[in-house]
Amino acid sequence: MRAARLHEYTDDMAHALTIDEVDRPTVEASDDVIVEVEGAGWCQTDNHIVEGMWREYVPQELPLTLGHENAGTVVEVGSEVNTVSVGDSVICHPVMTCGTCRPCRQGEDMYCEDVRFPGLTHDGGFAEFLHTNERAVIPLPGGVDTTDIAPHADAGITAYHATKKAVRELNPGDTAVVIGVGGLGHIGLQCLDAMSAADIVALDVKESARDLAEELGARHTVDPATEDVASVIADLTDEVGARQVVDFVGRDETTALAPDIVAAGGDHHIVGYGGHIHEPAQALVDGEFSYKGTLVGRYTELQELVALVDRGMVELRTSRYDLDEINTVAERLEHGEIEGRAVLTP
């Protein structure tokens, strides 16, 4: 089968991956599931994998087939699989988990002590077929397009996981700030709007992104390139600040906003990454606010997100590309030229 493979780490996205012929995966264990990939989302994390950013955090062996946002049709199952059958349409949770370690038994999929992460530690879905397991696959409702929904396997569930944590701390009338209304942010904004009665303020340097934010439910938008964000948030909240901030950018300039815009006792959720946090300890003590990281989400949260999608409450903006165009996608995303999410159709 054809697969897009990373052979060496590079900053040159125009030549990041090569299309190779590799063996088609087959069932080896009783809980294995083989999926014919009909949609595989390209993520900013894929750019970071290409750059080698992840090799200090997880074991990686090159060459590696990337692609961790996958959906398609089941074509083969192991002998003990009973939740899906051949022919079922599924979306794949990003990780394959063991189900028996303590974190798994607590429902914390991402903390599995024997986790396997297709596209990051094992071959992923930028290929015609994907090897996964029964614990990772979620059957899709009839009528849901497997290509369009694929990015929800990571972008969607990550945005949902972050906003669900924020929603727990939001009361009607509170202010929530969304930083970055791009591929993840436009999903997170809709989740906030669907799950809370907070006033949503969206920050983005692009006018088109701010327009999209208003269309998707933001009450106010701010251009951080031309406006004083802290002053605007202070005016909108009667000097109280935002109860929750969900940062889909995660650069130095966005994490630095927290002491000036987060309300006392509030949270600044870090979803996007690449930057750093450089704040005096006294700033956190004085405001008693917290920075909180976000790493994808639980299997059950992907089920919940699929339910929101099925009800028309969360819309995903996507553009489709052939597998041969994968380096073009990587390069365009690197330069911020893709609106919403890019989906490869192997």
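Conventions and cut-offs
Residues numbered from 1 in each chain as written. Predicted model: local features only at pLDDT ≥ 70, side-chain atom pairs only at ≥ 80, totals over all residues. Heavy atoms only, no water. Pairing = 2+ DSSP bridges. Helix = DSSP H or I, 4+ residues; strand = E, 2+ residues; numbered from the N terminus. Axes fitted to C-alpha atoms, helices over the stretch in contact; angles between N-to-C directions.

J.: Could you clarify how one ought to interpret the sheet that holds strand β13 (residues 262-270) in this entry?
T.: A sheet is described by the order of its strands in space; here six strands give the open sequence β11-β10-β9-β12-β13-β14, paired in parallel fashion. Edge strands, defined here as strands with exactly one partner in the open sheet, are β11 (220-222) and β14 (290-293). Put simply, the sheet's adjacent strands are angled 20 degrees from each other on average, direction ignored. When β13 meets β14, the two strands line up parallel, connected through four bridges.

J.: I would appreciate a short explanation of the sheet that holds strand β2 (residues 18-21) in the present structure.
T.: By definition, the strands of a sheet pair up through backbone hydrogen bonds, in either a parallel or an antiparallel sense. With antiparallel pairing, three strands are arranged side by side in an open sheet as β2-β1-β4. Of all strands in the sheet, those with a lone pairing partner are β2 and β4 (64-65), marking the two edges. Pairing analysis gives two bridges linking strand β1 (residues 2-6) to β4, with the strands arranged antiparallel. Note that in β4 the partner of Arg 5 across the bridge is Thr 65.

J.: Can you help me understand the pairing of strand β5 (residues 69-77) in this one?
T.: Remark: a regular strand shows side chains that alternate across the two faces of the sheet. With eight bridges connecting them, strand β3 (residues 32-42) and β5 associate as antiparallel partners. Paired with Val 35 across the bridge in β5 is Val 74. Inspection of the sheet shows β5 paired to strand β6 (residues 89-92) by four bridges, in the antiparallel sense. Paired with Asn 70 across the strands is Cys 92, a residue of β6.

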